[in-house]
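# Survey of secondary and tertiary structure
The lines below spell out each chain.
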Amino acid sequence: MDIYADPAYAMATEQFQVIADYLNLDSNVRERMLYPKRAIAVTLPIHRDDGSIHTYQGYRVQHHLAMGPTKGGVRFHPGVSLGEVAALATWMSWKCALTGLPYGGAKGGVTVNPRDLSLRELEALSRRYMQEMIPFVGPHTDVIGPDMGTNEQVMAWFMDTYSVYKGYAVPEIVTGKPVSIGGTTGRREATGRGVVYLIERAMNVLKMQPDQCTAVIQGFGNVGAVTALGLAYKDGMKITGISDAFAAFHRADGIDITAADKYVNEHGSLAGFTEADPISADNLLTLPCDVLVPAAVEGVITEKNAGQLRCRILAEAANGPTTPAADRILFERWNDIFVIPDILCNAGGVIVSYFEWVQGLQQFFWNESEVIDKLFRILEQAFTAVTKRARDAKIPHRVAAMAIGVERVLAAKKARGLFP
Ligand code: NAD
């Protein structure tokens, strides 16, 4: 579809065609399954601090409505386009279905570098985005959450804007908000915590000893940093490479992850970090390691570097880090590299967002150990289902994971029928 023309959407489409062929889907249902139900584009004017007015472009895509409300984060990033948002919404659909959540996928975004905005400007943009979305979202329609470039504070402004419009507090319109206004314990750490759990499960299958292993992590934001801290301090792994959008570092005897985390909290990025050796962003991905964790943007594992990866486990914490061409190479390397595909690997975030939504609707809150216990149970079921199906059918983990998700969405659509 031309309106979604974008490399990320081309990836999501190509991945779907692979699954549709594998499942032998009827041509009558292919387009109905693939194309987003709704796409909203908005212009967002805000006052800048210098007195000028700047307009930003914002989007929301709701992929399918067959199983409940749609659910998905909002990304503030200069690379955001309607097509990228549509791809992310599509992946969310398969992820929610794979993990058994009663949601269709959604995603939103604003084409902006949030670092270029003052706090007041960021608040104005967040509130304006939410205000423009009010006719299209709601706790039973479309539930918003965080993604790259947005955080708990942005979610609080979204929730406040929606609640002021309604005239009463509506915490369940967003997830990933502060605990003080109805957020859940364990949401901020949920995605990284899930990534660590799944890496441990893969290591268990492969009979690897975590405390004798090394890991390299691309992207040191929410997901990457929580993953690094978990692998280093819970599992005793050496983290030999880290990077963000500004710098990349290597240290064969292990980087002090607490120091890196503190440095980022104080300086806003890894630029200028001195406790490891600088390395090029490209070389980081091909460092020898046991676990490689892309935790930043789409399309970083390509046909150019897939053959050179020197990891035993590829844990896709980011959404869409591996292109379909790279996937074909990785499948040939099936015995060398154990792939934990994105829709499984980073599902911890939406699972705990679901817990937050459920708690908000019921006004009944759980403690952190209940949240973690329920999170790991769902991840365990999904991990077992994906690895079993891949083993039995001799298919890549991504095909197995997506096939389970696509089949469940298809079953829901079939059960509901086609109106009119
Ligand atoms: P974030 O904004 O907290 O951090 C992103 C990090 O990636 C930053 O350190 C940034 O500098 C870095 N980065 C950006 N471009 C880069 C590049 N080209 N090379 C190296 N590093 C780069 O975002 P996040 O919430 O940690 O999200 C990271 C990824 O995880 C995204 O793909 C997101 O869609 C996915 N994800 C996040 C969640 C969640 O709960 N936050 C849930 C599921 C999936």
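Residues numbered from 1 in each chain as written. Predicted model: local features only at pLDDT ≥ 70, side-chain atom pairs only at ≥ 80, totals over all residues. Heavy atoms only, no water.

## Here's the deal with the nonpolar core
Across soluble globular proteins, nonpolar side chains show a tendency to be buried alongside one another. For the record, the criterion: Each nonpolar core is a collection of buried residues, namely Ala, Val, Leu, Ile, Met, Phe, Trp, Tyr and Cys, held together in the definition by side-chain atoms within 4.5 Å. The buried label applies to any residue whose accessible area, calculated with a 1.4 Å probe on protein chains only, is under 20% of its type's maximum; exposed applies above 50%, and partly exposed to all values in between. Counting from the N terminus, the helices are the DSSP runs of H or I reaching at least four residues and the strands are the DSSP runs of E reaching at least two. Should any heavy atoms of two residues lie within 4.5 Å, those residues are counted as being in contact.
Ranked by internal contacts, the top residues of the largest apolar core, which has 100 residues, are Ile-199 and Ile-340. No other element matches helix H3 (residues 82-98), which puts 12 residues into this core. Excluding residues within four positions of it along the chain, Ile-340 makes contact with Leu-198, Ile-199, Ala-202, Ile-313, Leu-314, Ala-315, Glu-316 and Cys-345.

## What about the side chain of Thr-214?
Here Thr-214 is to be found in strand S6 (residues 214-218). Residue class for Thr-214 comes out buried when judged on its relative accessible area of 18%. With sequence-adjacent residues up to four places away left out, Thr-214 is seen in contact with Met-237, Lys-238, Thr-240, Pro-288, Cys-289, Asp-290 and Val-291.

## Describing the packing of aromatic side chains
Here is the rule we go by: Each aromatic pair joins two rings of Phe, Tyr and Trp (for Trp, the six-membered one) with centres within 6.5 Å, and gets the label stacked for planes under 30 degrees apart, edge-to-face for over 60, and tilted for any other angle. To sit over a ring, a charge needs its Lys NZ or Arg CZ within 6 Å of the ring centre and within 35 degrees of the ring normal.
As enumerated under the stated definition, the model contains 13 aromatic pairs in all. Aromatic pair Tyr-197 and Phe-376: ring centres 4.5 Å apart, planes at 20°, arrangement stacked. Highlighted residues: Tyr-197 in helix H6 (residues 187-206) and Phe-376 in helix H13 (residues 368-393), separated in sequence by 179 residues. Residue classification places Tyr-197 among the buried residues on the basis of a relative accessible area of 15%. Taking 6.0 Å as the distance between ring centres and 50° as the angle between the ring planes, the aromatic pair formed by Tyr-354 and Phe-355 counts as tilted. According to the relative accessible area criterion, Phe-355 is buried, its value standing at 3%. Feature note: the residues Tyr-103, Tyr-354, Phe-355, Trp-357 and Trp-366 constitute an aromatic cluster, connected by ring pairs. Positioned above the aromatic ring of Trp-366 is the side chain of Lys-374, whose terminal nitrogen or guanidinium carbon lies 4.7 Å from the ring centre.

## Re the pairing of strand S4 (residues 104-111)
Just so we agree on the cut-off: Pairing between strands requires that DSSP locate at least two bridges from one strand to the other.
Of all eight residues making up S4, seven are buried, and the element is well covered by its neighbours. In this sheet, S4 lies alongside strand S2 (residues 53-62) in antiparallel orientation, the contact comprising five bridges. Considered in S4, the bridge of Gln-62 is made with Ala-106.

## Describing the site of the ligand
Just so we agree on the cut-off: Whether a residue is near a molecule or strand depends on its heavy atoms: it is near if one of them lies within 4 Å of it. Identification of polar contacts relies on pairs of N or O atoms within 3.5 Å, with a donor-acceptor requirement for protein atoms, meaning one able to donate a hydrogen and the other able to accept it, and with residues adjacent in sequence counted only if both atoms are side-chain atoms. Method for areas: the Shrake-Rupley scheme with a 1.4 Å probe, in which residue coverage is limited to the protein chains shown. Lys, Arg, Asp and Glu make up the charged group, whereas Ala, Val, Leu, Ile, Met, Phe, Trp, Tyr, Cys and Pro make up the nonpolar group; the residues left over, Gly among them, are polar.
In the neighbourhood of the ligand, 22 residues make up the surrounding shell, with Asp-147, Thr-191, Asn-222, Ala-296 and Asn-319 lying closest. Contacts to the ligand include Arg-75, whose side-chain N or O atom sits 2.9 Å from an oxygen atom. Between an oxygen atom of the ligand and a main-chain N or O atom of Gly-149, the distance comes to 3.2 Å. Taking 830 Å² as the accessible area of the ligand by itself, protein coverage stands at 83%. Elements with a contribution of two residues or more to the shell around the ligand: H6 and helix H7 (222-234). When grouped by side-chain class, the residues that make up the shell around the ligand number nine nonpolar, nine polar and four charged.

## Points about the layout of surface pockets
This is how the line gets drawn: Whether a set of points on the 1 Å grid over the protein atoms alone is a cavity depends on a 1.4 Å probe fitting there but being unable to get out, while an open set qualifies as a pocket with protein on both sides within 12 Å along at least five of seven lines; lining residues are those with an atom within 4 Å of a point. Grid points are joined across faces, edges and corners, and a volume is the space filled by probe spheres set on the points.
Counted as a void, the second largest pocket has a volume near 530 Å³. Surrounding the second largest pocket, 24 residues form its lining, Phe-331, Trp-334, Pro-396, His-397 and Arg-398 being those nearest its centre. Elements with a minimum of two residues in the lining of the second largest pocket: helix H1 (7-22), H6, helix H10 (324-332), strand S12 (338-340), H13 and helix H14 (397-416). At five residues, the largest contribution of residues to the lining of the second largest pocket is made by H10. Partitioning the lining of the second largest pocket into residue classes produces 15 nonpolar, four polar and five charged.

## Considering the sheet that holds S6
Across a sheet, strands are paired by hydrogen bonds formed along the backbone, either parallel or antiparallel in direction. Read from one edge of the open sheet, seven strands run S9-S8-S7-S6-S10-S11-S12, paired in mixed fashion. Here the strands that pair on one side only, and so sit at the sheet edges, are strand S9 (277-278) and S12. Sheet topology places S6 next to strand S7 (residues 238-243); five bridges connect them, and they run parallel. Considered in S7, the bridge of Ala-215 is made with Ile-239.

## Re the pattern of salt bridges
The following threshold applies: By convention in these notes, a salt bridge is any Lys or Arg side-chain nitrogen within 4 Å of a carboxyl oxygen on Asp or Glu.
With the rule as written, the count across this model stands at 26 salt bridges. Across the pair Arg-251 and Asp-253 runs a salt bridge whose closest N-O atoms are separated by 2.8 Å. Given the relative accessible area of 33%, Arg-251 is considered partly exposed. Via salt bridges that share partners, Arg-75, Glu-84, Lys-107, Asp-147 and Glu-298 belong to a single interconnected network.

## Concerning the packing of H1 against helix H2 (residues 27-34)
What counts, and what does not: As a rule, the C-alpha atoms of each element are fitted with a line to give its axis, helices using only the stretch in contact, and angles between N-to-C directions run from 0 to 180 degrees. Each crossing gets its handedness from the near helix: less than a right angle anticlockwise from the far helix is left-handed, clockwise is right-handed.
At a minimum axis separation of 11 Å, H1 and H2 run at an interaxial angle of 145°. Pair H1 / H2 crosses with right-handed handedness. Of H2, the residues touching H1 (which contributes Tyr-9, Thr-13, Phe-16, Gln-17, Ala-20 and Asp-21) are Arg-30, Met-33 and Leu-34. Considering only residue class, the contact of H1 with H2 consists of five nonpolar, two polar and two charged.

## Re the pairing of strand S10 (residues 291-294)
The side-chain alternation of S10 yields two buried faces, one formed by Val-291 and Val-293 and the other by Leu-292 and Pro-294. Taken together, the four bridges between S6 and S10 define a ladder with parallel strand orientation. For Ala-215, the partnering residue across the bridge sits in S10 and is Val-291. In the sheet, S10 pairs with strand S11 (residues 313-315) via two bridges, with the strands oriented parallel. What sits directly across from Val-291, in S11, is Ile-313.

## Describing helix H4 (residues 119-133)
Just so we agree on the cut-off: Given the number of residues in a helix, its expected span is that number minus one, multiplied by 1.5 Å. It is the directions from the helix axis to the C-beta atoms that the arc portrays.
Helix length check: H4, at 15 residues, gives a terminal C-alpha distance of 21 Å against a target of 21 Å (1.5 Å per residue), a fit within 8%. Inspection of H4 places Glu-121, Leu-122, Leu-125, Ser-126, Tyr-129, Met-130 and Met-133 among the buried residues, and these make up the whole buried set. All buried residues of H4 lie within an arc of 165° about the axis, which places them on one face of the element. Each element contacted by the buried residues of H4 is listed here: strand S1 (38-47), S2, strand S3 (70-77), S4, strand S5 (142-146) and helix H5 (152-166).

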